[in-house]
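Residue strings, one per chain:
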Amino acid sequence: MSRSVTARIDLDAIVANMALLRRRAPDSRMLAVLKADAYGHGSVAVARALHAADGFGVAAQGEAERLREAGIRQPIVLFGGFDAAEDIARLAQLDVRPAIHHPSQIEMLEAQRDAPPIHVWLKLDSGMNRLGFPPDEFAAALARLRALPNVAPDIVAMSHFATSDEPDPSNTQRQLSVFRQATHGLDLPVSLANSTAVLDHPATHGDWIRPGGALYGLTTKPGRRAEQDGLRPAMRLAARLIAVRDKPAGAAIGYGGTFVCPEPMRVGVAAVGYADGYPRHAPSGTPVLVDGQRCRIIGRVSMDLITIDLAAAPGASVGDEVVLWGDGLAVEDVAAHAGTISYELCCRLTRRVEFA
Ligand SMILES: *Cc1c(COP(=O)(O)O)cnc(C)c1O
């Protein structure tokens, strides 16, 4: 089809990545994180491919509803929890297990003691200072939940790391020790580890690991590519050249004329832009692959088009494929140029992109 931007998803890579993570944490159960439509990879297809996972994690109730509608049976943990009392019964009915991170949620549960029991995860704020009970309030929150007939007894203690992707482990170690102290003697299964903690901090593995990005062959480690951890990138995003133009020295390319050809240049125009989710902030110099050659974009990313310096692929012609990331071009490289992380690039692709 003309003007199609395609995201090809390699489900085998995702299965292989889960196997690698399991080998790294052999004694833990696997909560595969599928939030944001599986980081843009398609949550239902990924959940089906990961049928061997012990459970799935999502951020929003709608994401869990979609998985249940598709017949996904494993427990689903809802990281954002609930913020309205009328949602609780629905979550219990779907066996979606909300994170309890705020006193208002306990009050809502206390106000409906006769409701059918719901499984919950109780979140500790071990130092990220975003969601969760402070360490000195954690045991009391647990006691309130344990006193409720409408809360199932198999409560899991969870926390989340702020800097597990950074080379300096000290903050992660500090969060782990806060977690251990706050949960000491409470006899709870525990869950702490996101992708980089699974890979780099074995002491955090606990009963349930919660990797997301690593499943998709993505990393947030500064200056690193997921492949360096043995992971296989699962998304290949590609578009096509719809024009090839020879431009003289002095030609100003695209909106704002931000790139001026310093010499005569062959310029390719590819049919992809920020309306597909390609980052508008990607500056001149951001890499793309044309005919397998690493080229650079020049000028501004516009809504539907990007412009490419074809010096490294002089034989390129209309119809040739342009790889935006994947297959020889790490999404982490593109993200570094655009001032963001690979996660954001993958999960902000728009509906105009065709998935295959
Ligand atoms: C997103 C998320 C994860 C997964 O993080 P990754 O860095 O993608 O592995 C785990 N736990 C919680 C609570 C999350 O929100």
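Computed from a prediction, not measured in an experiment: that's the story for all the values here.

### As for the nonpolar core
Then, in step 1: Core analysis: the biggest nonpolar cluster contains 110 residues, and Tyr278, Val288, Val290, Ile306, Ile308, Leu324 and Trp325 have the highest contact counts within it.
Then, in step 2: Among the elements that line this core, the one with the most residues is helix H1 (residues 11-24), at five residues.
Then, in step 3: Contact partners of Ile306, with chain neighbours within four places excluded, come to Gly268, Val269, Ala270, Val272, Tyr278, Val288, Ile297, Val301 and Leu324.
Then, in step 4: By size, the runner-up hydrophobic cluster in this structure holds seven residues, among which are Ala251, Ile253, Phe259 and Ile298.

### Digging into the side chain of His205
Then, in step 1: As for its placement among the helices and strands, His205 is situated in the loop between helix H9 (195-200) and strand S9 (208-209).
Then, in step 2: Relative accessible area serves as the criterion here: at 8%, His205 is assigned to the buried category.
Then, in step 3: A distance of 2.8 Å separates a polar atom in the side chain of His205 from the backbone oxygen of Val198.
Then, in step 4: The contacts of His205, once residues within four sequence positions are left out, are Arg24, Ala25, Ser28, Ala193, Ala197 and Val198.

### Remarks on the environment of Arg280
Then, in step 1: Its location among the elements puts Arg280 in the loop between strand S13 (265-270) and strand S14 (287-290).
Then, in step 2: Arg280 sits 22 residues away from Ser302 along the chain, and the two C-alpha atoms are 6.9 Å apart.
Then, in step 3: Leave out the neighbours within four places in its chain, and Arg280 touches Tyr274, Arg300, Val301 and Arg348.

### Regarding the pairing of S14
Then, in step 1: Side-chain alternation along S14 places Pro287 and Leu289 on one buried face and Val288 and Val290 on a second face that is also buried.
Then, in step 2: Bridge count between S14 and strand S15 (residues 293-297): four bridges; the pairing is antiparallel. Residue pairing for S15: Leu289 is matched across the bridge by Arg294.
Then, in step 3: Between S14 and S15, which follow one another and run antiparallel, lie two residues, and Asp291 among them has a positive phi close to 50°.
Then, in step 4: Relative to strand S17 (residues 321-325), S14 runs antiparallel, the two sharing two bridges.

### A closer look at the side chain of Ser4
Then, in step 1: Mapped onto the elements, Ser4 comes out in the segment before strand S1 (6-9).
Then, in step 2: Residue Ser4 is classed as buried on the basis of its relative accessible area, which comes to 14%.
Then, in step 3: With residues up to four places along the chain from it excluded, the contact list for Ser4 reads Ala238, Ala239 and Glu354.

Reading the values: the criteria
- Along every chain, residues carry numbers that run from 1 in the direction the sequence is written.
- Only residues with pLDDT of at least 70 are given local features in this predicted model, and only at 80 or more are side-chain atom pairs given and counted; all residues enter the totals for whole chains, interfaces and linings.
- Hydrogens and water molecules were not included; the side-chain quantities draw on all heavy atoms of the structure.
- In plain words, nonpolar cores are sets of buried Ala, Val, Leu, Ile, Met, Phe, Trp, Tyr and Cys residues tied together by side-chain atoms within 4.5 Å.
- Exposure classes here rest on a 1.4 Å probe applied to the protein chains alone. A residue is buried below 20% of its type maximum, exposed above 50%, and partly exposed in between.
- To qualify as a helix, a DSSP run of H or I must reach at least 4 residues; to qualify as a strand, a run of E must reach at least 2; elements of each kind are numbered from the N terminus.
- Two residues form a contact once any of their heavy atoms are found within 4.5 Å.
- Polar contacts, as used here, are pairs of N or O atoms within 3.5 Å; protein pairs need one atom able to donate a hydrogen and one able to accept it. Residues neighboring in sequence count only if both atoms are side-chain atoms.
- A strand pair is defined by DSSP finding two or more bridges across the two strands.

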